[in-house]
Amino acid sequence: MTALSNRKWTLASRPETTVSEENFTLEVETVRDLAEGEFLVKNHYLAFEPAQRGWLNDVRSYLPPVAIGEVMRSGAVGEVIASKHSDFALGDFVQGTFGWQEYAISDGAGLYPVTKINAGTPISYPLHIYGLTGLTAYFGFLEIGRPKAGDTVLVSGAAGATGSTVGQMAKLMGCKVIGIAGGQAKCQWLIDELGYDAVIDYKSESVADRLQELCNNSVDIFFDNVGGPILDEALVNMVNNGRIVLCGGISSGYQVKELPPGPKNYMQLVIRRCTMEGFIVLDYVERYPEAREQLQQWVDEGKILVKEHVLEGIEQCPSALAGLFAGQNFGKQLVKI
Ligand SMILES: NC(=O)c1ccc[n+]([C@@H]2O[C@H](COP(=O)([O-])OP(=O)(O)OC[C@H]3O[C@@H](n4cnc5c(N)ncnc54)[C@H](OP(=O)(O)O)[C@@H]3O)[C@@H](O)[C@H]2O)c1
């Protein structure tokens, strides 16, 4: 094979506030020869998650920070185009933590072992509905939220990749679902296509007023992707013994320089005997097969719809990440290479 040229984004500096292209360098290298036990992947899609912003902070977290000079970490799917590994053959489609680059050399190990994508599966789906996004929605909602038919479920970040899956699962469980999202188009989509019972456009409406109107003191489960003022407003609308699932806090921007204020209404947890519990999807790794099977069944039956927001070209990576914090994505943020 003639030598291939690989473009890759490496971390140049740690953002103090919002992330931008200046924090990364687009480098070009020649793809080296494979050693025994390695294979070469041509990336097709890269996945973007708000957590990636957190991985740029040099702080204690559930994963080590991305090092300066290292290829930016991300999930990816691609095709094996050369192999000296007995388990991975030319033409296999695989998923792994291949990072922001066009080509990746792997030995199959790593943060998450490389897995093959079954024939017939749309190749981008393992990056969202059958991947960490779908699994986060599944375990966070079912295990921490513990829904029952008839529950009122409030979801923030409701039109996002995770939130939209949670809302649809809640409808499947027989719950009443209220979503909070930014902008009319996203809110309309939640009602028209995903079957939400009501929505709040936090960019143009008062969340406090609308919550009172829609579910005064009646929220059984709040699945929170956002934190900040929205969490505070939800806290005053919980039922006794309600459950708050802390999935994420994107309103903080995952910045370390200026931490968000704590929830000022936290005493509602005492008064209403509520639980507020965080989780990390990685804790459920042994149960991923069970969850994937169920998610796949729901997708196959048309009970869970997925939406992708695809930018084209490796050049787009920094703006794809930054865009998550501005609500630019409508569906799962991907970059297609
Ligand atoms: N606990 C876990 O294991 C785990 C795993 C994966 C993801 N997560 C968390 O799940 C959440 C959703 O992640 P995702 O990958 O599905 O991303 P996403 O929801 O598809 O994209 C992020 C969305 O967040 C919303 N947003 C951005 N800034 C906001 C702000 N200041 N206030 C309110 N909403 C804001 C935007 O939607 P609008 O247009 O509606 O503003 C944006 O589209 C994140 O908090 C993420 O960290 C947790």
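Small disclaimer: the values here were computed from a predicted structure and weren't measured.

Here the protein chain is described as being made up of domain 1 (5–124 + 307–336) and domain 2 (132–282). For domain 1 and domain 2, the distance between their C-alpha centres works out to 29 Å. Contacts between the two partners involve 16 residues from domain 1 and, on the opposite side, 17 residues from domain 2. Its residues assigned to classes, the side of domain 1 that touches domain 2 shows 5 nonpolar, 7 polar and 4 charged.

Quick look at the site of the ligand now. What surrounds the ligand is a group of 29 residues, the closest being G160, T162, G182, G248 and G327. Class assignment for the residues of the shell around the ligand results in 14 nonpolar, 13 polar and 2 charged. Two domains each put at least three residues into the shell around the ligand: domain 1 (5–124 + 307–336) and domain 2 (132–282).

Attention shifts here to helix α3 (residues 161–172). Every α-helical turn comprises 3.6 residues, leaving residues that sit three or four positions apart pointing alike. With 12 residues, α3 ought to run about 16 Å at 1.5 Å a step, and its terminal C-alpha atoms sit 17 Å apart, in line with that. By the criterion of burial, α3 is predominantly enclosed, with 10 of the 12 residues buried. Listing the buried residues of α3 in full gives A161, T162, G163, S164, T165, V166, G167, Q168, M169 and A170. The elements touched by buried residues of α3 are α2 (132–145), β8 (152–156), β9 (176–181), α4 (184–192), β11 (219–224) and β15 (332–336). Of the residues trailing α3, G174 is marked for its positive phi of about 85°.

Right, let's talk about the pairing of strand β14 (residues 308–312) for a bit. Bridging between β14 and β15 involves 5 bridges; their strand directions are parallel. Looking across to β15, one finds that V310 is bridged to L334. Taken together, β14, helix α9 (residues 317–324) and β15 constitute a β-α-β crossover, and its handedness is right-handed.

This next bit is on the sheet that holds strand β12 (residues 238–246). Judged by pairing direction, the sheet is parallel, and its 6 strands sit side by side in the order β10-β9-β8-β11-β12-β13 without closing on themselves. Of all the strands in the sheet, just β10 (198–201) and β13 (275–278) have a single pairing partner and so form its edges. Across this sheet, the average inter-strand angle for adjacent strands is 15°, counted without regard to direction. In the sheet, β8 pairs with β9 via 5 bridges, with the strands oriented parallel. Within β9, the position partnered with L154 by the bridge is I178. Across the face of the sheet, α2 comes into contact with β11, β12 and β13 while running at roughly 150° to β12.

Among the nonpolar cores identified, the biggest contains 52 residues, and L190, F222 and F223 are the most heavily contacted of them. Among the elements that take part in this core, α2 stands out by supplying 6 residues, more than any other. Counting residues in each nonpolar core, the second largest holds 33 residues, with M72, V94, C317 and I337 among its members.

The rules behind these values
- Residues numbered from 1 in each chain as written.
- Predicted model: local features only at pLDDT ≥ 70, side-chain atom pairs only at ≥ 80, totals over all residues.
- Domains from an automatic or database assignment.
- Contact = placed C-beta atoms within 7 Å.
- Nonpolar A, V, L, I, M, F, W, Y, C, P; charged D, E, K, R; others polar.
- Near = placed C-beta within 6 Å.
- Helix = DSSP H or I, 4+ residues; strand = E, 2+ residues; numbered from the N terminus.
- Expected span 1.5 Å × (residues − 1).
- Buried ≥ 20, exposed ≤ 12 C-beta atoms within 10 Å, placed from the backbone.
- Pairing = 2+ DSSP bridges.
- Right-handed = clockwise from strand over helix to strand, strands pointing away.
- Axes fitted to C-alpha atoms, helices over the stretch in contact; angles between N-to-C directions.
- Core = buried A, V, L, I, M, F, W, Y, C linked by C-beta atoms within 7 Å.

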